[in-house]
Amino acid sequence: MRSMRFVVGLLVAVCAMAPASAGIVINSNAAGQSFAMAYTGLVGGVTTNNVTAQGNFTFTSVSNAGKTFNFTYNMLNNSNYDSRLSSFGFNAAPNISSVSSTGYFGYSNTNANYPQGIGNIEICFTAVSNGTCTGNGAGLTSNPDQSGSGTFALTFANAMSSIELSDFAVRFQSINPKINGSSSGVGTGSLIGLDGGVVGAAPDPATWMLMLTGFGLVGMAMRRRGSAFSPQPGVFLAR
């Protein structure tokens, strides 16, 4: 029993080390499927639940001879503190050749350098044409919470059977009261819902390495403690 508890504890530790973020794989034959992201605030180098958001996305169709993937979006600023959600974005694989959007965030941008260590985000959307994804004068406010919806289209150089979206992020501005002395920050996205099971989460390479390392450690632990497992009457151990 002690050995089993050790193995279970090791598995839990490995899972805790794995990054929470992962890519969302969109298959071209999965039109109508949706997923939801929850965004947790990162302001002044501190993670906070006082600025948060939620994004709901639906893959609607493929057009342009399989080169363009079309989506709807609905973004909600549900922060506890007063704030303004001025942009949202993500990375795509493979890289896009063009992007367009409609609705509340009707202006599309590429290669925005998000702060707080997020770095380059390949695709992002704003509500105004002036300014950038990292700073502009518009956006969804909280208290009362505002939401905005629309569509976006991602076009690739070739027809694709599937694409991957990852590194979902939003930009928060006008945070009041300030958090850790700062009135602006970002929100990092975590997957909270998948519809239909056709759109799946794909672990990133770092997660795969952690998982493989963890399983190797578990196997070594079980071999070393194998002598501690002595068969009891009526109990069979699989080999």
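Note that the structure is predicted; figures quoted are calculated from it, not measured. (Residues numbered from 1 in each chain as written. Predicted model: local features only at pLDDT ≥ 70, side-chain atom pairs only at ≥ 80, totals over all residues. Heavy atoms only, no water.)

Visitor: Which residues make up the overall build of the chain, and what values do they have?
Guide: The helix and strand tally for the chain stands at two helices and 13 strands. A burial count over the chain gives 38% of its 239 residues as buried. For the chain, the computed accessible surface area is about 11900 Å², with 54% contributed by carbon and sulfur atoms. (Helix = DSSP H or I, 4+ residues; strand = E, 2+ residues; numbered from the N terminus. Buried < 20%, exposed > 50% of the residue type's maximum accessible area, 1.4 Å probe, protein only. Areas by Shrake-Rupley, 256 points an atom, 1.4 Å probe, with all protein chains shown as cover.)

Visitor: Break down the nonpolar core for me, citing the residues and quoting the values.
Guide: Among the nonpolar cores identified, the biggest contains 36 residues, and Phe 57, Leu 154 and Leu 165 are the most heavily contacted of them. Among the elements of the structure, strand E1 (23–27), strand E2 (34–43), strand E3 (46–63), strand E4 (68–77), strand E5 (82–93), strand E8 (119–126), strand E10 (147–155) and strand E11 (162–176) are those that each provide at least two residues to this core. Beyond its immediate chain neighbours, meaning those up to four positions away, Phe 57 contacts Gln 33, Ser 34, Phe 35, Met 37, Tyr 39, Thr 72, Tyr 73, Met 75, Phe 88, Phe 152 and Phe 168. With eight residues, the next largest nonpolar core counts Leu 42, Ala 112, Tyr 114 and Ala 169 among its residues. (Core = buried A, V, L, I, M, F, W, Y, C linked by side-chain atoms within 4.5 Å. Contact = heavy atoms within 4.5 Å.)

Visitor: Can you tell me about the environment of Gly 185, naming the residues and giving the values?
Guide: Inspection of the secondary structure puts Gly 185 in strand E12 (residues 185–194). Taking the C-alpha atoms as reference, Gly 185 lies 7.1 Å from Pro 115; in sequence the two are 70 residues apart. Setting aside chain neighbours within four positions, we find Gly 185 in contact with Leu 42, Val 43, Gln 116, Val 170, Arg 171, Phe 172 and Ile 175.

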